[in-house]
Amino acid sequence: TTSASAGGTRTLISDDPSNNVTPYIEKLVGRNLHLIPNHPLFIIKRKIEGYFAELGISFEIFDSLDPVVTCTACFDDLNIPPGHPARKPSDTYYLSEGTLLRTHTSAHQSELMRRGHERFLCTGDVYRRDEIDASHYPAFHQMEGVRLMDVADMPAQLSRDEWLASDACARTAAELKGTLEGLVDALFGPVEKRWVEAYFPFTEPSLELEIFFQGDWLEVLGCGVIHSEVLAKCGLEHRHGWAFGLGLERLAMILFSIPDIRLFWTEDTRFTSQFASGEVVKFQPYSKYPECYKDVAFFVPETWEENDFMELCRECGGDLMENVKMIDEFTNPKSGKRSLCYRIVYRSMDRSLTNEEVDEIQFQLREKVGPKLGVELR
Ligand code: PHE
């Protein structure tokens, strides 16, 4: 193993009452897939950096910043208000009340701008408590891009409304759109794309770029003109600029035809050896092993959070669970109790599973779900 793939060497779990990091997550921190030469995420990262290098304006590269950040950096600096859903412990891994695993690379925007960086690309692993299926994994990788515009281009201090209505703001947005359309063309070749209005607390206006892929519009990035309050918090009230954030797995799954997000984390050489050329190549699936599924049904308490169940599933089954989905829900009219039934699809990426091991995982899950989540098995 190279140092880039040695995860789990760092203790992130503690008995701090806010700590909700699990052993499963702790092992992922430090894997740094985006730094492993010829890993698909590394290849995409390089391609994007190459596109920006060719624009002729140099962007500094940051790809080794610590994924443990403060709430200030991840939320407050970005105008994300207290009580915002992104801050909920059901959605986010906290180490303590004030520190967490970054939920997006935007967590580094303000600190880098404060240190005087004006154009940069910042890549890293980000963590979100989430559902279990082929395109969701509790850790994934993002790249952030930030560009502050030249001072000479910018009008003197304006009110927020004057700024939003100004030509300079429109020019900044146009420059951003042109840059990102060029990026998508560079990655995908000519592809149908559209801009959708969006909302982020740290950009204004905010936009999402979607591409037409396999009959559907697929969101590939979020971006916008940096919010004046975000700049003000960095002591940059006299400056303007743009920012974007994109998910590397999303792009890589399309470009390499990688069908399941868990594959990025496998160390199976049948996967890793396919990308030795460092080029974008189509993934040749090795045999897909058989799946099997098990259902579990229970009455849930009022305080039920689905993500807590997903976390417990990962704790018990790790990467052997391919999909966890609610398939039935009803409320008993007499008792008012709500019952949910989940279907768990088991499949390994690398081998055939035995009935015994699947039964054992399912047994563990059934044993733990009552005491841990206050449900009543049916
Ligand atoms: N951080 C946002 C996300 O994770 C993406 C984003 C980055 C949006 C920068 C605007 C500007 O969804």
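Analysis parameters
- Residues numbered from 1 in each chain as written.
- Predicted model: local features only at pLDDT ≥ 70, side-chain atom pairs only at ≥ 80, totals over all residues.
- Heavy atoms only, no water.
- Helix = DSSP H or I, 4+ residues; strand = E, 2+ residues; numbered from the N terminus.
- Rg over C-alpha atoms; globule rule 2.2 N^0.38 Å.
- Contact = heavy atoms within 4.5 Å.
- Lys, Arg positive; Asp, Glu negative; His and termini not counted.
- Charge placed at Lys NZ, Arg CZ, Asp CG, Glu CD.
- Phe/Tyr/Trp six-rings, centres within 6.5 Å; stacked < 30°, edge-to-face > 60°.
- Buried < 20%, exposed > 50% of the residue type's maximum accessible area, 1.4 Å probe, protein only.
- Lys NZ or Arg CZ within 6 Å of the ring centre and 35° of its normal.
- Near = heavy atom within 4 Å.
- Polar contact = N/O pair within 3.5 Å; in protein donor to acceptor, adjacent residues only side chain to side chain.
- Areas by Shrake-Rupley, 256 points an atom, 1.4 Å probe, with all protein chains shown as cover.
- Nonpolar A, V, L, I, M, F, W, Y, C, P; charged D, E, K, R; others polar.

With that settled, consider the overall build of the chain. Each helix and strand counted, the chain has eleven helices and 14 strands in total. Here the chain has a C-alpha radius of gyration of 22 Å; the compact-globule value for 378 residues is 21 Å, and the two agree. With the C-alpha coordinates aligned to their principal axes, the bounding extent of the chain is approximately 70 × 50 × 40 Å. Sequence separation of 24 or more characterises 67% of the internal contacts of the chain that already satisfy a separation of 6 or more. Between the mean site of the 40 positive side-chain charges and the mean site of the 60 negative ones, the chain shows a separation of 3 Å.

Looking now at the environment of Arg 378. Along the chain, Arg 378 falls in the segment after strand 14 (376–377). The spatial distance from the C-alpha of Arg 378 to the C-alpha of Val 68 is 40 Å, given a sequence separation of 310 residues. Discounting chain neighbours no more than four positions away, the residues touching Arg 378 are Ala 297, Phe 298, Phe 299, Phe 330, Ser 339 and Arg 366.

What follows is about the packing of aromatic side chains. Per the stated rule, a full pass over the model turns up 21 aromatic pairs. Taken together, a centroid distance of 6.4 Å and an interplanar angle of 55 degrees make the contact between Tyr 24 and Tyr 137 tilted. Remark: Tyr 137 occurs in the loop between strand 5 (119–127) and strand 6 (139–148) and Tyr 24 occurs in helix 1 (residues 23–28); sequence separation between them is 113 residues. Looking at Tyr 24, the relative accessible area reads 12%, which means it is buried. On the numbers, 5.7 Å between centres and 35 degrees between planes, the contact of Phe 200 with Phe 202 is tilted. Since its relative accessible area comes to 21%, Phe 200 is described here as partly exposed. Judged by relative accessible area, Phe 202 falls into the buried class, the value being 9%. Ring pairing ties together the aromatic residues Tyr 51, Phe 52, Phe 59, Trp 242 and Phe 244, which thus form one cluster. The cationic tip of Lys 337 hangs over the ring face of Phe 299; the distance from NZ or CZ to the ring centre is 4.9 Å. The ring of Phe 299 is capped by Arg 378, whose NZ or CZ atom sits 5.5 Å from the centre of that ring.

So, on to the side chain of Glu 249. Assignment of secondary structure puts Glu 249 in helix 8 (residues 248–255). Not counting residues up to four positions away in its chain, the partners in contact with Glu 249 are Leu 41, Ala 139, Phe 140, His 141, Ile 261 and Phe 264.

Turning next to the site of the ligand. Within the structure, the ligand sits among 14 residues, and His 104, Ser 106, Arg 128, Gln 142 and Gly 245 are positioned closest to it. For the ligand, a nitrogen atom lies 3.1 Å from a polar atom in the side chain of His 104. Within the side chain of Arg 128, one N or O atom sits 3.0 Å away from an oxygen atom of the ligand. The fraction of the free accessible surface of the ligand (320 Å²) that becomes covered by protein chains is 88%. For the shell around the ligand, the secondary-structure elements that each account for two or more residues are strand 6, strand 9 (216–226) and strand 10 (241–247). The element contributing the most residues to the shell around the ligand is strand 10, with three residues. Class assignment for the residues of the shell around the ligand results in five nonpolar, seven polar and two charged.

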